[in-house]
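Structural description and commentary
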Amino acid sequence: MAFQGKKLISNPDDVVTEFIEGLVETYPGLQYLDGFPEVKVVIRADVSGATYDKVAVISGGGSGHEPAHAGFVGEGMLTAAICGDVFASPPVDSILAGIRAVTGPMGCLLIVKNYTGDRLNFGLAAEQAKSEGYKVEIVIVGDDCALPPPRGIAGRRGLAGTILVHKIAGAAAAAGLTLANVAAEAKRASELVGTMGVALSVCTLPGQVTSDRLGPGKMELGLGIHGEPGAAVVDLQPVDVVVSHVLKQILSTETNYVPITRGNRVVLMINGLGATPVMELMIAAGKAVPNLQLEHGLAVDRVYTGSFMTSLDMAGFSISIMKADGSILQRLDAATRAPHWPVAVDGNRPPAKIPVPMPPSRSTKSEESLNRPLQLSPQGRILEVAIEAAANEVIKLRDDLNEWDSKVGDGDCGSTMYRGATAVLEDMKKYYPLNDAGETINEIGATVGRVMGGTSGILYNIFCKAAYGKLKANAQSVITSKQWAEALEASIAAVSKYGGAAAGYRTLLDALIPAVGVLQERLAAGVDPATAFLISSEAALAGAESTKHMQAQWGSQLKFCHVMALFLCHEIEMVGVFSCQAGRSTYISGDILASVPDPGAMAAATWYRAAALAVKNKYKAS
C-alpha cells in the first residue's frame, strides 16, 4: 500500500537550505556559506581558514540524517559539515568550498561514510584541494555489521558509529595534534566500532509517496540509513529479544566485525532513526547494558542515547559498540561545543552567513599556463601528439565499447568516452598549456570531468588530479620518464583508493596496473623511455584482454539469521558505473562475461597504447 507522507515543509526542494537557516539561528556558534542552493556548508563561526592553527575536521554526506552532520559542528568536534540533498552525496564544489573556508596550514581531515558517491566526490575534492596546496587526509568509516566482511568494491556501509569517530578526531585536533596523528586516531576509532540497525517502518522522503513494505506486525533487521531494505524481515519481537540479537550480530566471533572480546571495555550508543520516542530508546539502552555485561562479559564505560544519525522519520534504532581504552575515553570526554553532542552550548551570535570562499585566482598564473602556447617546446610537441593519438583512438573505438558494454552494462561506455575524447581534442586547440605537462594533465581532468559526467568523469578527473599533484611536486621544467611513471602510479593509487577497486575487478585498473609495473621495470633496466612506454602498452592490452576471464566482484551473499539473503542497497548499484560498468558486471553470468573484455579496461588500454605508439614514432622522426 502506498500513501502520501505528511511533512511540515514548504517546497520539498528547499528542505535542506531551510534546515540550515534554522540551525544557525538556533545555535550562535554556527554559520553557513552563502552559496545556496548549490553550496550547502555549515562551519564553525569562530574559524577562518586563513588563521586557523589546528587541523580542520570535515565530514558530510546526504541530508536526511539530522542532526548528522551539521549538528556536530563545533569546537572539539567537526569544523565544517558538507550537506548534500536528501540522501544524495554533496557535490565536489561544495566540499571544496568547505575545505577552503576552514583549512589552515595544519591541513584538514575528511571523515567519509563508506558510500560510493561520498567516496568519489570527497576523493575528487581532496585531490583538487591538494593541487591547490592544502594538506588533506581522508578516513573512510564502514561500521555496518549487517553486511558480510568486505570482499568486493563496496564493503561495509557507514552508519551511526561515524559520530563517535567525529568526536575522537575533533578532540584530537583540538588538542593540537598534527594532521597525520589526527587521521591515525580517527582511522583507529573507525576500526573499533560496529553498528547494526532495526526498523519498524520505512522513511518518507519530502514530497514523495512512501510504500509501507513492512506491513503490520513486522520489523526489519540490518537495514541502511537511506531506507534500503534490510537483511531480514521478521515478526515484531520484544525489545529485549531484539537488543540481544543485534548485540550478538555485532560481537560475533565468526564474522569478527570488531576486535572486542570478553573482558574488554566498551562504549555503547543507542541511536534513534528519527521517529522513535526517547522512552523507547532509553528502554533499549536499559536492556543493552546488562546484556553486554552478563552475556558478553564486557565493561560498559560510556552510554550515549539519543538521535545522532537518523533516517528522516524512520521508526527504529541502531546500536553501536566501540572498543574503549583510556585514550578513546579521553577523546570522548573532552569538551566540545557541538550542539548535538550531549553537552550545553553557549556563546555570542555572529552573522548567520559568510561568503563562499573562492579558489585561488587563475590570474596568478602566467599567460602561457592559461592558453595554448604560440610555440611548442620539444616536450610540448611530444605531449600534443600523444594526446591527439590517444583521443583519436578512443573516438574510433566508440562502437566496440558500446557493444561490449551492452552485454555487461547499460551500453554507453563508448559514447561516454567519445564525449571526453572529442572535448579533449577541441580544448587542446585553445586552452592546454602543452609546454607545462602538469598543468596540461590538470586541464584534461577538468575537460573530462565537465563533459563525461557520472562516475566515469569523476574517476578520470581523479586520475588526472592525482597525476597533476605528483608532477607539480617536481620543480623541473622538463618531466623525466621516471617522473611520468611515478605520476601514473599515483593516478592508479588514487582511482583505487576512491573507487574501491583493485586488480582483478574488471575495471580500467586491470589495464593500467600491469602497464605501470612493466614501465617501471624497463626504465630501471635502462631501456630508453619511448621503447619502455611502448612495451608497457602491450602489457596494458594484455591486461585488458585478461578481463574476459575475470568474475566481477562486489562481495558475497550474506546469510543473516539463517532466514533471508541480503537485498542489495542502492549504493552497491551505484558502484555499477565504476569505470564503465565494473560493478554491474557482478550481476552478469560468467558465460557472458567470458565473451567480452571489460569496456573500461579496453578504453584505458587503447588510449595508453595509442599514446605510446605516437611517442615512439615522434622519437623516430626526430
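Residues numbered from 1 in each chain as written. Predicted model: local features only at pLDDT ≥ 70, side-chain atom pairs only at ≥ 80, totals over all residues. Heavy atoms only, no water.

Under an unreviewed UniProt entry, the protein chain has the name Dihydroxyacetone kinase and belongs to Melia azedarach.

Looking only at helices and strands, one finds 20 helices and 17 strands in the protein chain. Residues classed as buried in the protein chain amount to 56% of the 622 residues present. Intrachain contacts of the protein chain at a sequence separation of at least 6 include 76% that bridge at least 24 residues. A total of about 24,600 Å² of accessible surface is found on the protein chain, and carbon and sulfur atoms cover 54% of it. (Helix = DSSP H or I, 4+ residues; strand = E, 2+ residues; numbered from the N terminus. Buried < 20%, exposed > 50% of the residue type's maximum accessible area, 1.4 Å probe, protein only. Contact = heavy atoms within 4.5 Å. Areas by Shrake-Rupley, 256 points an atom, 1.4 Å probe, with all protein chains shown as cover.)

This next bit is on the environment of Ile 140. Within the fold, Ile 140 resides in strand β7 (residues 136-141). Residue classification places Ile 140 among the partly exposed positions, given a relative accessible area of 31%. Distance from Ile 140 to Asn 114, taken between C-alpha atoms, is 5.8 Å for residues 26 residues apart in sequence.

Attention now moves to the sheet that holds strand β15 (residues 353-354). The seven strands are arranged β7-β6-β4-β5-β3-β2-β15 in an open sheet whose pairing can be described as mixed. Each end of this open sheet is capped by a strand with a single partner; those strands are β7 and β15. Relative to β15, strand β2 (residues 30-33) is paired through two bridges, and the arrangement is parallel. For Leu 33, the partnering residue across the bridge sits in β15 and is Ile 354. Together, β4 (56-63), β6 (108-113) and β7 form the strand contacts of helix α4 (residues 161-174), whose direction differs from that of β6 by roughly 175 degrees. (Pairing = 2+ DSSP bridges. Axes fitted to C-alpha atoms, helices over the stretch in contact; angles between N-to-C directions.)

Let us look at the pattern of salt bridges. Under the counting rule described, the total for this entry stands at 24 salt bridges. Lys 40 is the salt-bridge partner of Asp 85, the closest N and O atoms lying 3.2 Å from each other. With Asp 85 in strand β5 (residues 80-86) and Lys 40 in the loop between β2 and β3 (41-44), this pair connects stretches of sequence that are 45 residues apart. Shared partners join several salt bridges into a network, and the residues in it are Glu 426, Lys 429 and Lys 430. (Salt bridge = Lys/Arg side-chain N within 4 Å of Asp/Glu carboxyl O.)

So, on to the pairing of strand β8 (residues 193-199). Of all the seven residues making up β8, seven are buried; the element is thus mostly covered by neighbouring parts of the structure. Side chains Val 193, Thr 195, Gly 197 and Ala 199 project from β8 onto one buried face, and the interleaved Gly 194, Met 196 and Val 198 project onto a second face that is buried too. Across seven bridges, β8 lies against strand β14 (residues 316-324) in antiparallel orientation. In the sheet register, Thr 195 faces β14, and the bridge partner there is Ser 320.

Attention now moves to the packing of aromatic side chains. Evaluation of the coordinates by the stated rule reveals nine aromatic pairs. Residues Phe 72 and Phe 308 carry aromatic rings whose centres are separated by 6.4 Å and whose planes lie at 15 degrees to one another, so their mutual orientation is stacked. Residue Phe 72 is found in the loop between β4 and β5, and its partner Phe 308 is found in the loop between β13 (299-306) and β14; the two are separated by 236 residues along the sequence. Phe 308 matches Phe 72 in its accessibility class, with the two residues each being buried. Clustering of aromatic rings is evident, with ring pairs tying together Tyr 460, Phe 463, Phe 533, Trp 607 and Tyr 608. Note that Arg 398 overlies the ring of Tyr 418, its terminal NZ or CZ placed 4.0 Å from the centroid. (Phe/Tyr/Trp six-rings, centres within 6.5 Å; stacked < 30°, edge-to-face > 60°. Lys NZ or Arg CZ within 6 Å of the ring centre and 35° of its normal.)

The subject of this paragraph is a negative patch on the surface. Judged by side-chain charge, Asp 13, Asp 14, Glu 18 and Glu 21 come together as a negatively charged surface patch. Looking at where Glu 18 falls in the secondary structure, it is placed in helix α1 (residues 15-26). (Patch = residues over 30% accessible without salt bridge, like charges linked within 9 Å, V, L, I, M, F, W, Y side chains within 5 Å. Lys, Arg positive; Asp, Glu negative; His and termini not counted. Charge placed at Lys NZ, Arg CZ, Asp CG, Glu CD.)

Time to look at the side chain of Arg 331. Turning to its location among the elements, Arg 331 is positioned in helix α8 (residues 326-333). Apart from residues lying up to four places away in sequence, Arg 331 is in contact with Lys 167, Ile 168, Ala 171, Ala 172, Ala 175, Leu 177 and Glu 185.

Right, let's talk about the sheet that holds strand β10 (residues 218-221) for a bit. The six strands lie next to each other as β11-β10-β8-β14-β12-β13, forming an open sheet whose pairing is mixed. Every interior strand has two partners, whereas the edge strands, β11 (232-235) and β13, have only one. When strand polarity is set aside, the average angle formed by the axes of neighbouring strands in this sheet is 20 degrees. Judged from the four bridges that link them, β10 and β11 form a sheet pairing that is antiparallel. Each residue of the ladder has a partner; that of Glu 220, found in β11, is Val 233.

This part takes up helix α14 (residues 454-472). Given a rise of 1.5 Å per residue, 19 residues ought to cover 27 Å, and the 27 Å separating the end C-alpha atoms of α14 matches this to within 8%. Extensive coverage of α14 is indicated by the burial of 15 of its 19 residues. (Expected span 1.5 Å × (residues − 1).)

All right, on to unusual backbone geometry then. Cis rather than trans, the peptide bond between Phe 36 and Pro 37 has omega equal to 0 degrees. When you line up the elements, Pro 37 lands in the loop between β2 and β3. Here the residue pair Ala 68 and His 69 is connected by a cis peptide bond, since its omega of 0 degrees sits within 30 degrees of zero. Structurally, His 69 is set in the loop between β4 and β5. Phi at Leu 312 takes a positive value of approximately 55 degrees, unusual for a residue other than glycine. Considering the arrangement of structural elements, one finds Leu 312 in the loop between β13 and β14.

In contact at an axis separation of 8 Å, helix α3 (residues 116-131) and helix α15 (residues 481-499) are set at 145 degrees when each is read in the N-to-C sense. For the pair α3 and α15, the contacting residues are Arg 119, Leu 120, Gly 123, Ala 126, Glu 127 and Lys 130 in the first and Ala 494, Ser 496, Lys 497, Tyr 498 and Gly 499 in the second.

Size it by volume and the largest pocket reaches roughly 1,100 Å³. Lining the largest pocket are 39 residues; nearest its centre among them are Leu 383, Ile 441, Trp 484, Phe 533 and Ala 611. Of all the elements in the fold, those that place two or more residues in the lining of the largest pocket are α10 (378-396), α12 (413-430), α13 (437-451), α14, α15, α16 (509-524), α17 (529-545) and α20 (599-621). Broken down by element, the residue count for the lining of the largest pocket peaks at nine residues, all from α10. (1 Å grid on protein atoms, 1.4 Å probe; cavity = no way out; pocket = protein on both sides within 12 Å on 5 of 7 lines; lining within 4 Å. Points joined across faces, edges and corners; volume = space filled by probe spheres on them.)

Before going further, it helps to spend a moment on the nonpolar core. Within the largest apolar cluster, 93 residues are counted, with the highest numbers of intra-cluster contacts made by Leu 110 and Trp 607. Among the nonpolar cores identified, the runner-up in size contains 54 residues, and Val 24, Leu 109, Leu 179 and Ile 225 belong to it. (Core = buried A, V, L, I, M, F, W, Y, C linked by side-chain atoms within 4.5 Å.)

With that settled, the discussion passes to the side chain of Asp 427. Mapping Asp 427 onto the fold places it in helix α12. Classification of Asp 427 by relative accessible area gives buried; the value is 9%. With sequence-adjacent residues up to four places away left out, Asp 427 is seen in contact with Tyr 432, Thr 447 and Arg 450.

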